Amino acid sequence: MRNLRFTISYDGTAYSGFQIQPNADTIQQRLEQAVYLLTGEQVKVASSGRTDAGVHAKAQVINFTTNSKIPVERWCLALNARLPKDIVAHTAEEVPPSFHSRKAAKRKTYCYTIRSVRFPDVFHRNYEYHHPTHLNVEAMSEALPCLLGEHDFTSFCTVRTDKEVKVRTLYEARMVLETDELTGGGQVERIRIIVTGNGFLYNMVRIIVGTLIQIGEGKRPSSDMQRILEARNRAEAGPTAEAMGLMLWKVEY
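Residues numbered from 1 in each chain as written. Predicted model: local features only at pLDDT ≥ 70, side-chain atom pairs only at ≥ 80, totals over all residues. Heavy atoms only, no water.

Enquirer: Quick rundown of the layout of surface pockets? Include the residues and the values.
Expert: By volume, the largest pocket amounts to about 900 Å³. Taken together, 32 residues make up the lining of the largest pocket; nearest its centre are Gly-49, Arg-50, Phe-200, Leu-201 and Tyr-202. Every element with two or more residues in the lining of the largest pocket is listed here: strand S5 (107-115) and helix H4 (204-216). Here the element with the most residues in the lining of the largest pocket is H4; it accounts for 3 residues. Of the residues assigned to the lining of the largest pocket, the class counts are 11 nonpolar, 11 polar and 10 charged. Along its surface, the second largest pocket is lined by Phe-18, Gln-19, Ile-20, Gln-28, Lys-44, Val-45, Ala-46, Ser-47, Gly-49, Arg-50, His-100 and Arg-102. Tallied by class, residues from the lining of the second largest pocket come to 4 nonpolar, 5 polar and 3 charged. (1 Å grid on protein atoms, 1.4 Å probe; cavity = no way out; pocket = protein on both sides within 12 Å on 5 of 7 lines; lining within 4 Å. Points joined across faces, edges and corners; volume = space filled by probe spheres on them. Helix = DSSP H or I, 4+ residues; strand = E, 2+ residues; numbered from the N terminus. Nonpolar A, V, L, I, M, F, W, Y, C, P; charged D, E, K, R; others polar.)

Structure representation (structure tokens):
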């Protein structure tokens, strides 16, 4: 048996998340189906994390064990020929039998993109959340530093989670602003919120973003983020931001 690790990208728009579910089209199902078509084996694909319905991945990491003797350098081409166009395998390597893509992950980075101008971008509509009115990016940026370090993130986790321990460590929480090149007026067109941590709770990034949007709208002060964090109460935080703006950016081992 060989244990193979892959880096894959996917557009999550058409899928009900990564994890296999009854009567639903998922990324894991498509990957396992592709492996079956290639080798005749029914494998169990593990991933670094279970992205939600509509969430994308630039560099998701997966692994599975196989008896196939296909050379590792041919796996990506062979899988891509059997995968839908919105899922692509980029790299493949053989790893020790003990490697597990979720358990071995040390850091993950997510990027959430907001388009903050009057009209949506037809070409990026599936990959960013459109907010048609002005957002106070200075206030949003001021709210982020308090999230750095080790904290109980209960306030930023859906009540449906099965995780008993809600302590996580954030190493990075920052914003990148992109201006509108077409108008030349220097207006902020896109806001990218980049968060790196040792792990994330269910909907954690999207709830943080939903709270930031309320701060940007002037509905909350920047200082409210600290209060919400300390409250350890989901009801104190903002709404869960829409899925299409979120992308799993990178996984480090």
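Enquirer: Describe unusual backbone geometry, with residues and values.
Expert: A positive phi angle, close to 55 degrees, is found at Asn-23, a residue other than glycine. Mapped onto the secondary structure, Asn-23 falls in the loop between strand S1 (2-10) and helix H1 (27-39). One non-glycine residue, Arg-232, lies in positive phi territory at about 55 degrees. One can find Arg-232 in the loop between helix H5 (224-231) and strand S10 (246-252).

Enquirer: Explain a positive patch on the surface to me, using residue names and the numbers behind them.
Expert: A grouping of Lys-44, Arg-50, Arg-102, Lys-103 and Lys-163 is seen on the molecular surface, where their side chains present a positively charged patch. You can see Lys-163 is positioned in the loop between strand S7 (149-152) and strand S8 (167-179). With a relative accessible area of 42%, Lys-163 lands in the partly exposed category. (Patch = residues over 30% accessible without salt bridge, like charges linked within 9 Å, V, L, I, M, F, W, Y side chains within 5 Å. Areas by Shrake-Rupley, 256 points an atom, 1.4 Å probe, with all protein chains shown as cover. Salt bridge = Lys/Arg side-chain N within 4 Å of Asp/Glu carboxyl O. Lys, Arg positive; Asp, Glu negative; His and termini not counted. Charge placed at Lys NZ, Arg CZ, Asp CG, Glu CD. Buried < 20%, exposed > 50% of the residue type's maximum accessible area, 1.4 Å probe, protein only.)

Enquirer: How would you explain the pattern of salt bridges if you had to name every residue and give the values?
Expert: Going through the model one piece at a time under the given rule, you end up with 16 salt bridges. Its salt-bridge partner being Arg-174, residue Glu-172 comes within 2.4 Å of it at the nearest N-O pair. Using a relative accessible area of 25% as the deciding quantity, one classes Glu-172 as partly exposed. Through salt bridges with shared partners, one network takes in Arg-115, Asp-121, Glu-128, Glu-189 and Arg-190.

Enquirer: Can you break down the environment of Ala-139 residue by residue, with the values?
Expert: Relative to the helices and strands, Ala-139 is located in helix H3 (residues 137-143). What makes Ala-139 buried here is its relative accessible area of 13%. Between the C-alpha atoms of Ala-139 and Gly-218, which are 79 residues apart in sequence, the distance is 8.5 Å. Setting aside residues no more than four positions away along its own chain, Ala-139 makes contact with Ile-215 and Ser-222. (Contact = heavy atoms within 4.5 Å.)

Enquirer: So, H5: which residues are in play, and what are the values?
Expert: The complete set of buried residues in H5 reads Asp-224, Met-225, Ile-228 and Leu-229. Viewed along the axis of H5, the buried residues span an arc of 140 degrees, placing them on a single side of the element. Against H3, S7 and H4 lie the buried residues of H5. Phi turns positive, to about 55 degrees, at Arg-232, one or two residues after H5. (Arc of directions from axis to C-beta.)

Enquirer: Got a sec to walk through the packing of aromatic side chains? Specific residues and values, please.
Expert: One pass over the structure, following the stated rule, counts 7 aromatic pairs. Their ring planes at 70 degrees and their centres at 5.9 Å tell us that Phe-6 and Trp-75 sit as a pair that is edge-to-face. You can see Phe-6 sitting in strand S1 and its partner Trp-75 sitting in helix H2 (residues 75-80), a full 69 residues away along the chain. Side by side, Phe-6 and Trp-75 carry an identical accessibility label, which is buried. A centroid spacing of 5.1 Å and a plane angle of 85 degrees characterise the contact between Tyr-110 and Phe-200, whose relative ring orientation is edge-to-face. In this pair, Tyr-110 sits in strand S5 while Phe-200 sits in the loop between strand S9 (188-197) and H4, placing the two residues 90 residues apart along the sequence. Here Phe-200 falls in the buried class, since its relative accessible area comes to 18%. Taken together through their ring pairs, the aromatic side chains of Phe-6, Phe-64 and Trp-75 make up a single cluster. Directly above the ring of Phe-99 sits Arg-5, whose terminal nitrogen or CZ lies 4.8 Å from the centroid. (Phe/Tyr/Trp six-rings, centres within 6.5 Å; stacked < 30°, edge-to-face > 60°. Lys NZ or Arg CZ within 6 Å of the ring centre and 35° of its normal.)

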